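# Understanding the architecture of this molecule
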Amino acid sequence: MSSKPLPILPGATLGILGGGQLGRMFTIAARTMGYKVMVLDPDFASPAGQMADVHLQADYTDHGALKQLGAACAAVTTEFENVPAASLIELTNHCRVSPGAESVAIAQDRSHEKTWLREHGFATAPFALVDSEADLDAALAVTGAPALLKVSRFGYDGKGQARVGTLEEARAAYREFGGQPCVLEGFVQLELEVSVVLARSDAGECALFPIAENRHDNGILDVSIVPARVSDTLARQAREMACAVADKLGYVGVMAVEFFVAGGQLMINEIAPRPHNSGHYTLDACVTDQFEQQVRALCGLPLGDTRLLSPVAMVNILGNRWHNGGPNWDALLAHGNIKLHLYGKEAARPGRKMGHFNVLDADLPAALALAEKMRAAL
Ligand code: AMP
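Description of the structure in this document. Predicted model, so just to flag it, every value in this text is computed and none were measured. (Residues numbered from 1 in each chain as written. Predicted model: local features only at pLDDT ≥ 70, side-chain atom pairs only at ≥ 80, totals over all residues. Heavy atoms only, no water.)

Within the chain, the regular secondary structure consists of 12 helices and 18 strands. The globule rule puts the C-alpha radius of gyration for 378 residues at 21 Å, and the 20 Å found for the chain is close to it. Once the C-alpha set of the chain is aligned to its principal axes, its extents read approximately 60 × 50 × 45 Å. Looking at the chain as a whole, 54% of its 378 residues qualify as buried. Once local pairs closer than 6 in sequence are excluded, the contacts in the chain between residues at least 24 apart make up 62%. The averaged location of the 42 negative side-chain charges in the chain is 3 Å from the averaged location of its 32 positive side-chain charges. (Helix = DSSP H or I, 4+ residues; strand = E, 2+ residues; numbered from the N terminus. Rg over C-alpha atoms; globule rule 2.2 N^0.38 Å. Buried < 20%, exposed > 50% of the residue type's maximum accessible area, 1.4 Å probe, protein only. Contact = heavy atoms within 4.5 Å. Lys, Arg positive; Asp, Glu negative; His and termini not counted. Charge placed at Lys NZ, Arg CZ, Asp CG, Glu CD.)

Shown next, in the form of structure tokens:
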């Protein structure tokens, strides 16, 4: 590997696999800091490609494109977990790559992820792996009903999931998913969902952002509230668990751990080997945002200060809001304490993440009230 000495400083070129909104915000952060950015994404109109110095429009498994990316970049990262682990390994022949292929491989497969979490002693919802229809009966005995059948790979934002109450429903859902490997998960009575975004350096230093309290709508993140309204004990436990996950993975980079809170206890729902939607509040409310932190971790720079400067409520803007000639931006932008972020996506489809806004107020209930009002006004 032709590895550049660390830290990698401004002027160098950084690469990213994936050109969605997370890649776009990474690109903006990196360019703000004086780096050049090369984005690999097959979509010619990708949100990150629009912001990058160079957009390599190719598939993630294209050897020629990976070679070109690796040769041009001092370091490469990813913005989504479904990047083929083999491509990350291929890139390590040319440049620094973070996070590592192993961590990404664990997070991109629910069966693998849940099994890894259990083996390492982390609490999860009760689950069983389903590799064939014949496994469903025993799986339901483990989880109880109702349960959620989730495809192991390529599911996101509630897609590839079905709630099932009986063996017959489980069988029908499994067939609907084409008989692919799944996880059956017990349906948890959620009191709350929280997440922790953190960065871990090569030296094993862990910098945690404040915990976010997350509300979902239809399986998609809707609102994040920070600071999360949880006890100090629960907050400490969430931070400790998130750090322990990163340590045990030997993770380098920014990652997120999503938790369920049920019966006052934490269970890990998912690990994301990248910045996270529930960390978008950091863009306006923290000394360092999660994308600058991604640049810092990737470049081997000291991690940034994660201090919260103001209570904040983040609201996602989905494509559903485009039905009557587009959202009511006037109402939103009339407020000086609201920060709008749009991702440059042309086509607004229902459920597609088009942007988000952060409402900042020294008083958290006031921030949340304005966020709700604007959410309705859009
Ligand atoms: P996921 O894609 O697995 O993160 O699921 C999306 C959302 O669906 C979660 O954030 C929860 O709101 C809900 N959900 C997922 N799994 C469960 C479960 N086992 N019990 C209750 N709600 C769940």
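Further remarks concern the site of the ligand. The local shell around the ligand holds 16 residues, among which Lys 150, Glu 185, Val 188, Glu 193 and Asn 269 are the closest. Contact distances for the ligand include 2.8 Å between a nitrogen atom and a side-chain N or O atom of Lys 150. Measuring from an oxygen atom of the ligand, one finds a side-chain N or O atom of Gln 161 at 2.9 Å. Contact with the protein chains removes 91% of the 480 Å² of surface that the ligand exposes when unbound. Counting residues per element, the ones that place at least two in the shell around the ligand are β7 (147-151), β9 (182-186) and β15 (265-272). (Near = heavy atom within 4 Å. Polar contact = N/O pair within 3.5 Å; in protein donor to acceptor, adjacent residues only side chain to side chain. Areas by Shrake-Rupley, 256 points an atom, 1.4 Å probe, with all protein chains shown as cover.)

With that out of the way, let us pick up the environment of Tyr 174. By secondary structure assignment, the location of Tyr 174 is in helix α7 (residues 167-176). Owing to a relative accessible area of 4%, Tyr 174 belongs among the buried residues under this scheme. In this structure the side chain of Tyr 174 is engaged in a polar contact, spanning 3.2 Å, whose partner is the backbone oxygen of Asp 131.

Attention now moves to the packing of helix α1 (residues 21-32) against helix α10 (residues 290-299). Taken N-terminus to C-terminus, the directions of α1 and α10 make an angle of 70°; their axes are 8 Å apart at the nearest point. Regarding the angle of α1 to α10, the classification is roughly perpendicular. Contact with α1, carried on its side by Leu 22, Met 25, Phe 26, Ala 29 and Ala 30, involves Phe 291, Glu 292, Gln 294, Val 295 and Leu 298 of α10 and no other residues of that element. Taken together, the residues of the contact of α1 with α10 break down into eight nonpolar, one polar and one charged. (Axes fitted to C-alpha atoms, helices over the stretch in contact; angles between N-to-C directions. Parallel < 35°, antiparallel > 145°, perpendicular 65-115°, else oblique. Nonpolar A, V, L, I, M, F, W, Y, C, P; charged D, E, K, R; others polar.)

Another point: the sheet that holds β7. Strand order in the open sheet formed by four strands is β6-β9-β7-β8, and the pairing between neighbours is antiparallel. Bordering the open sheet on either side are β6 (127-130) and β8 (161-164), each of which pairs with just one other strand. Shown here is a sheet whose adjacent strand axes are inclined to one another by a mean of 20°, direction ignored. Pairing of β7 with β8 involves four bridges; the strand directions are antiparallel. Bridge pairing in β8 places Leu 149 opposite Ala 162. (Pairing = 2+ DSSP bridges.)

Before going further, it helps to examine the environment of Val 287. Within the element layout of this structure, Val 287 appears in the loop between α9 (282-285) and α10. On a C-alpha basis, the gap between Val 287 and Ser 224 in space is 18 Å, while along the polypeptide they are 63 residues apart. Ignoring any residue separated from it by four or fewer positions in sequence, one finds Val 287 in contact with Asp 305, Arg 307 and Leu 309.

With that settled, the discussion passes to the sheet that holds strand β1 (residues 13-17). Within the open sheet, the five strands sit side by side as β3-β2-β1-β4-β5. Their pairing is parallel. The two strands at the open ends of the sheet, each matched to only one other strand, are β3 (54-56) and β5 (96-97). Inspection of the sheet shows β1 paired to strand β2 (residues 36-40) by five bridges, in the parallel sense. Each residue of the ladder has a partner; that of Thr 13, found in β2, is Lys 36. Along the sheet, helix α2 (residues 63-72) makes contact with β1, β2, β3 and β4 (75-78), crossing β2 at roughly 165°.

Moving on to the packing of aromatic side chains. On inspection of all chains with the given rule, the structure shows three aromatic pairs. Seen in terms of ring centroids, Tyr 60 and Phe 80 are 5.0 Å apart; in terms of plane orientation they differ by 50°. Their pairing is tilted. Of this pair, Tyr 60 sits in the loop between β3 and α2 while Phe 80 sits in the loop between β4 and α3 (85-91); the two residues are 20 residues apart in sequence, bridging distant segments of the chain. Looking at Tyr 60, the relative accessible area reads 14%, which means it is buried. Taking NZ or CZ as reference, Arg 163 lies 4.1 Å from the ring centre of Phe 187, over its face. (Phe/Tyr/Trp six-rings, centres within 6.5 Å; stacked < 30°, edge-to-face > 60°. Lys NZ or Arg CZ within 6 Å of the ring centre and 35° of its normal.)

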